[in-house]
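Descriptive analysis of the structure
Letter by letter, the chains look like this.
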Amino acid sequence: MKKEKIKNLSNQFFQEIQTVQSEDQLFQLEKKYLGRKSEFIGFLKSLKNLAPEERKQFGRLANEIKKEITQKLEEKKKELIEKSFDFEKESLDVTMPGRKKGVGHLNPISIVRYKIEDIFSRMGYEVADGSEIETEFYNFDALNIPAHHPARDMQDTFWLQQKIKNQHPKVKREEERLAMRSQTSAGQVKYMEKHKPPFRIIVPGKCFRNEATDTTHEHTFYQFEALVVGENINVGHLKFTAQEFFSQFFKQKVKIRLRPSYFPFTEPGFEFDITCTVCHGKGCSACQGGGWLELGGAGMVNQNVFEASGYPRNKYQGFAWGFGIERLAMMKYGIDDVRLFHSGDLRFIKQF
Amino acid sequence: MKYSYNWLKELANTQKTAEEMAELLTMHSFELEGLEKKEINLTGVVIGKILEIKKHPDADKLQLTKIEIGKKKLEIVCGAPNIKIGDKVPVALVGAQLPNGIKIRETKIRGVKSVGMLCAEDELDLGENHNGIMILDEDAPVGMSIKKYLEIRNDTIFEIKILPDRAHDAMSYVGVAREMAILDNQKFDYDFAGLKLPKKKSRKLKVIIKDKKLCPRYIGAVMEGVIIKESPDWLRARLEASGIRPINNVVDATNYVMLELGQPLHAFDFSQVQEISKNETAKIIIRKAQKNEKIELLDGEVLKLTVDNLVIANNQEPLVLAGVMGGKNSEINNDTKSIILESANFNAISIRTTRIEHKIRTESSDRFEKNIDPNLAEKAIRRVIEILEHTAEAKLEGVVDIYPQKNKPQKIEINLDYINSLLGEEIKKAEVLKILKSLQFKIIGKEEEKTILVEAPTYRVDLKTPEDVIEDIGRIWGYEKIKPQPLVEPIIPAKINQQLFLERKIRQNIIGLGFDEIYNYSFYGEEDVVNCKLNQKQHLRLENPMNPSQHLVRANLVPNILKNIFINLKHFDSFKIFKIGRNYWLEKGTVKEERKLVMANILKKDQDGETFYEMKGAVEDLLEIIGIDKKALVISKIKELNKYYIHPTRSAEIKINEKLIGYVGEINPLVLLKYKIEKRVALAEIDLRKLLAITQTEKKYQSLKKFPSVTRDISMLVNHDVQVLDIVNLIKRAGKVILKVSLFDVFKKDKKTSLAFHLEFGVDDRTLKNKEIDKEIGKIVTELETKLKVEVRQ
């Protein structure tokens, strides 16, 4: 009898809960079945009057049913909450602009420069720094370009009106002329005066040449120079280093071509070309059909430069090579006017 | 320099096409800057002889000519007055198409039939001359095609970049052809060694070199019976192909030899050099110019000479600015009968200094300033004499050669191991010797030994050291054969340059705060110094600026940033920019350098100093990102403002650990006015060397508070002269258990400002009781009221 009653109550609950639509109804239902004054709880309370044997039997059953009801109520509650949430009402137009703090942009010269530095750093190169104003000695004489040498015409230099008192023991003049450095090589000798080989350094920096500007010429530009000195450094090492660097920079297999050229601070001296990064050497409009792109100058360090740095003649061998950072940035981004880099025009900078 | 490939080919004895040779030269010798095909289509143009000239019945300026071309005779109307009966001229037949596009048809000119056209030089693309019909040499065979007669072959013009190291020999056809012959394995048999100086001594010419240092050699030759006329067509064509304008047979011959051999020459009219007293002889003196001496050059310019200039003079006056340009007074003219030819050698530095001083550059100075071989002078004079004997019917009277110190070949010792060690190749000895011999080195030492002594040809002035020779071996061998090799030097971990590292860190983080990076020039003008009052610093000045507004090296980043702002305001109404750069100036005779970061911002609107406060916030954020301890940073009122361009009442100094590292402030509106900027600009200027010097102590972890803190608010009315920093500092000092003081509300009320702060209290070991906090606040209020005359409203 009692067993049936419990079962009926349970069945009744499970039927009634089917019809529940709101949290309120659910609350009422809970009250009806599990409330202190409910029939079911009343029945449970009445169990204590039964004989132990019977109490044990009904008690277990009643508790099971209570558990079932409680569980069902919980489920129903969750179901109702989930149903009750009106996501339509919540809907946002996600195409409205985001609230941005706004981020800034680096000048492409900085971006390319750090990219270059990272590649060289992985190869164990130290980043060295020079001065943007150099004495005549460091910018010319020490690089094997004495006064009156026609090679001085290869670089139209910005000279300064003021002179300073000479402090370099190798210079015989009393006063030194000053120049805006015309190439990063100006820092070579300064570095070598303070360091003994072997070493590998890179010198990025701002350089100046007194040239009329147009889309491919700028009087202010950034150069990058690598210098490696040891006892057995040779042209093959230069080729390898340049090949590895450009392959990593352009993310493709690049070959190096050296052509004879002349820089007073190197002997032998080269122009170096890389296989065209657009057509991979087949010939296209970017390389004017030749399959090669001219990138910069290179060479084995002239022994006169070592001597000017205080090294004994013919003890060391080294290579140096350099190129313009703007040129790489122009190739990388397809920039067609070199003057933009120093224009300070945000319409340009915000693109990078 | 421009080179005709036909001419080079003839000298080098090569069969290679221009393209093949261009590739070889590029890879082994010189850089080619241009390769221009010259194809002249002159089909239908033949040589005609003028038989008759009559006046045109209807036009004064036209003539009727009868022309013989082989058996046929043509009647052609012609407008040029320079023709006479018997002249041989180029005739374009009906049907011919000229290089300038004109198609020849049978026409009637003012009623008279004309069959063909007599041509001027320019119409045939043979020169620029349009002063009448081109008159050919008398012996030109009638009826022959003009192309065949002039040996006009399609040509290719090489434009070769000769760098200073090879200008000694390769600014000449022989120099380049010698390379070509080596690259094509041809014997270079243009035997200039056989061109010896004629033995005949001149009795009419005396040469005196006063300065043998500046003029190591002078050869003069007298030629008589000269007939001045046009050079033969082939010679003119070669000059023109090389970019030199023909003038007359004498001048052309000197230019021709200069092109061929690289030795500049000069020709004087003998009568102008002649000594007035002794009629028959001439005296040439090579000396330095006297003070205030003048010379009128060939181009008409009158130069005032200085005492360092070398001149070629007669008894009275300078005739030539030595090695640079001839003078008007002894110029070859149509009446010249006798000439003196000069083939000399001058000191390169002297020529270079002179031409820079007088701002003249000539083909001659371009070669002399590169230091050419004095032995060349001999070959050149022989060559020019030989040419003038043919083209001017001149006879050699005799020569004078003053050459006190003969230029001897340079001896260089080269070691086979060193060659391969430097090039990174394994070139066999036999190959090395073959290359050296092809380059006309003389092997002096024993060929079997590892170290070989060689003698460089004297025309290769550039060869002095073993490395110079190794370069020649390497390039002829072929750099493309050298295999890339990885470096095997030990890797020593690279040191970090802390200054550059800091600058990189700033760049990489500052963009996160919305700042765009500006690059600009390192120069500005006097105007900027005045506008921003930067005259405390001694600016470095350019000797040769691009323009007057760029003649100072910047000692401050601000002026150029202001110019950038002005330009960008045309396209943007708000922006934030930064620049990292260096400034230079002179101080006590030495060059000073500083490295600075400048940040600037412009807002759409500014009502209450938002521009300033945003900038201040950005500085604080940036310094925090790069690792500066927030507690060490103090931004406060500037004690002594010494920068005019900074707003005196909207600016602050930035100190870290009490060390001044920079400023943040608005730009003085009076300065903005000068730069036509109509918005407020706030700017921060940080010295990056000083920033680096600040010890960046490692951060210390502080244990998290176990007990909750309590926050109380306090608001007050203050006079405008009281600073928030003073209030905050006072609160912090007054309360022992204060954790944090933060301003959360500000508004201005009459002459006072209302400020409201959150005060956060707490201790490590327990939660504070209300009573304790009340007591603390009581202390704080008293302090504020007595010390800062603040009116606290609770």
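It should be noted that the structure appears before, not after, this text.
The structure contained in this document is the topic of the report that follows. (Residues numbered from 1 in each chain as written. Chains lettered and ligands numbered in written order. Predicted model: local features only at pLDDT ≥ 70, side-chain atom pairs only at ≥ 80, totals over all residues. Heavy atoms only, no water.)

**Remarks on a nonpolar patch on the surface**
All names here are of chain B. There is a patch of nonpolar side chains on the surface, built from Val724, Leu743 and Val746 and spanning about 210 Å² of accessible area. Mapping valine 724 onto the fold places it in helix H21 (residues 724–734). Its relative accessible area of 32% is what places valine 724 among the partly exposed residues. (Patch = residues over 30% accessible without salt bridge, like charges linked within 9 Å, V, L, I, M, F, W, Y side chains within 5 Å. Areas by Shrake-Rupley, 256 points an atom, 1.4 Å probe, with all protein chains shown as cover. Salt bridge = Lys/Arg side-chain N within 4 Å of Asp/Glu carboxyl O. Helix = DSSP H or I, 4+ residues; strand = E, 2+ residues; numbered from the N terminus. Buried < 20%, exposed > 50% of the residue type's maximum accessible area, 1.4 Å probe, protein only.)

**Observations concerning empty space enclosed by the protein**
To find leftover empty space, a probe the size of one water molecule is rolled over the atoms. Inspection of every chain in the model, using the stated rule, returns three cavities of 30 Å³ or more. Of the pockets and cavities examined, the largest cavity occupies roughly 190 Å³. Lining the largest cavity are 16 residues, with Arg113, Glu132 and Tyr222 of chain A together with Glu503 and Arg582 of chain B positioned closest to its centre. Where the lining of the largest cavity is concerned, the elements lending two or more residues are strand E5 (199–208) of chain A together with helix H15 (498–510) and strand E28 (575–587) of chain B. Residues that form the lining of the largest cavity fall into these classes: four nonpolar, two polar and ten charged. Examining the composition of the lining of the second largest cavity, we find that three residues originate from one element, helix H14 (residues 466–477) of chain B, more than from any other. Residues of the lining of the second largest cavity, tallied by class, amount to six nonpolar, two polar and eight charged. (1 Å grid on protein atoms, 1.4 Å probe; cavity = no way out; pocket = protein on both sides within 12 Å on 5 of 7 lines; lining within 4 Å. Points joined across faces, edges and corners; volume = space filled by probe spheres on them. Nonpolar A, V, L, I, M, F, W, Y, C, P; charged D, E, K, R; others polar.)

**Side note on the interface of chain A and chain B**
At the junction of the two partners, chain A supplies 90 residues and chain B supplies 83 residues. Carbon and sulfur atoms supply 56% of the area buried between chain A and chain B, which totals about 7600 Å² over both sides. Looking at the side of chain A facing chain B, the largest losses of area belong to Pro260, Glu267 and Leu346 of chain A, adding up to 8% of the total buried there. Here chain A and chain B share seven salt bridges between them. Measuring nitrogen to oxygen at the nearest pair gives 3.9 Å for the salt bridge that ties arginine 504 of chain B to glutamate 117 of chain A. Scanning the region where chain A abuts chain B turns up 40 residue pairs in polar contact (both at pLDDT 80 or more). Looking at side-chain class alone, the side of chain A that touches chain B contains 35 nonpolar, 31 polar and 24 charged residues. (Contact = heavy atoms within 4.5 Å. Buried area = accessible area lost by both parts, 1.4 Å probe. Polar contact = N/O pair within 3.5 Å; in protein donor to acceptor, adjacent residues only side chain to side chain.)

**Comments concerning the nonpolar core**
Core analysis: the largest hydrophobic core is formed by 166 residues, its most contacted members being Phe245, Phe246 and Trp321 of chain A together with Phe158 of chain B. In contact with phenylalanine 245 of chain A, other than residues within four places in its own chain, are Ile116, Ile119, Phe120, Met123, Trp321, Phe323 and Leu328 of chain A. Counting 36 residues, the second largest nonpolar core, distinct from the first, contains Leu303, Val311, Val320 and Ile340 of chain B. (Core = buried A, V, L, I, M, F, W, Y, C linked by side-chain atoms within 4.5 Å.)

**Details of the sheet that holds strand E37 (residues 791–793) of chain B**
Residues and elements named next belong to chain B. Pairing in this open sheet of four strands is antiparallel, and the strands run E35-E36-E34-E37 from one edge to the other. With partners counted over all chains shown, the strands left at the sheet margins are strand E35 (738–749) and E37, one partner each. Direction aside, neighbouring strands of the sheet carry axes that sit 25 degrees apart on average. (Pairing = 2+ DSSP bridges. Axes fitted to C-alpha atoms, helices over the stretch in contact; angles between N-to-C directions.)

**So, the packing of helix H6 (residues 108–122) of chain A against H15 of chain B**
At a closest axis distance of 12 Å, the pairing of H6 of chain A and H15 of chain B adopts a crossing angle of 130 degrees. Accordingly, the angle class assigned to the pair H6 of chain A and H15 of chain B is oblique. Crossing of H6 of chain A against H15 of chain B: the hand is left-handed. Contacts between H6 of chain A and H15 of chain B involve Ser110, Arg113, Tyr114, Glu117 and Asp118 of chain A from the first element and Leu500, Glu503, Arg504 and Arg507 of chain B from the second. For the contact of H6 of chain A with H15 of chain B, the residue count by class is two nonpolar, one polar and six charged. (Parallel < 35°, antiparallel > 145°, perpendicular 65-115°, else oblique. Left-handed = near helix turned anticlockwise from the far one by under 90°.)

**Notes on unusual backbone geometry**
All names here are of chain A. For the bond running from proline 197 to proline 198, omega is 0 degrees, close enough to zero to count as cis. Within the fold, proline 198 resides in the loop between helix H8 (186–194) and E5. Residues glutamate 267 and proline 268 are joined by a peptide bond in cis, for which omega reads -5 degrees. Within the secondary structure layout, proline 268 lies in strand E8 (residues 266–275). One non-glycine residue, asparagine 144, lies in the positive phi region at around 70 degrees. The residue asparagine 144 is located in the loop between helix H7 (136–139) and strand E3 (159–165) in this model. On the basis of relative accessibility, which here comes to 22%, the residue asparagine 144 falls in the partly exposed class.

**A word on the pattern of salt bridges**
As enumerated under the stated definition, the model contains 76 salt bridges over all chains in all. Across the salt bridge formed by arginine 259 of chain A and glutamate 294 of chain A, the nearest N and O atoms sit 3.7 Å from each other. One end of the pair, arginine 259 of chain A, is in strand E7 (residues 256–261); the other, glutamate 294 of chain A, is in strand E9 (residues 292–301), and 35 residues separate them in sequence. Exposure remark for arginine 259 of chain A: the relative accessible area of 4% places this residue in the buried category. Judged by its relative accessible area of 36%, glutamate 294 of chain A falls in the partly exposed class. Lysine 66 of chain B is the salt-bridge partner of glutamate 52 of chain B, the closest N and O atoms lying 3.7 Å from each other.

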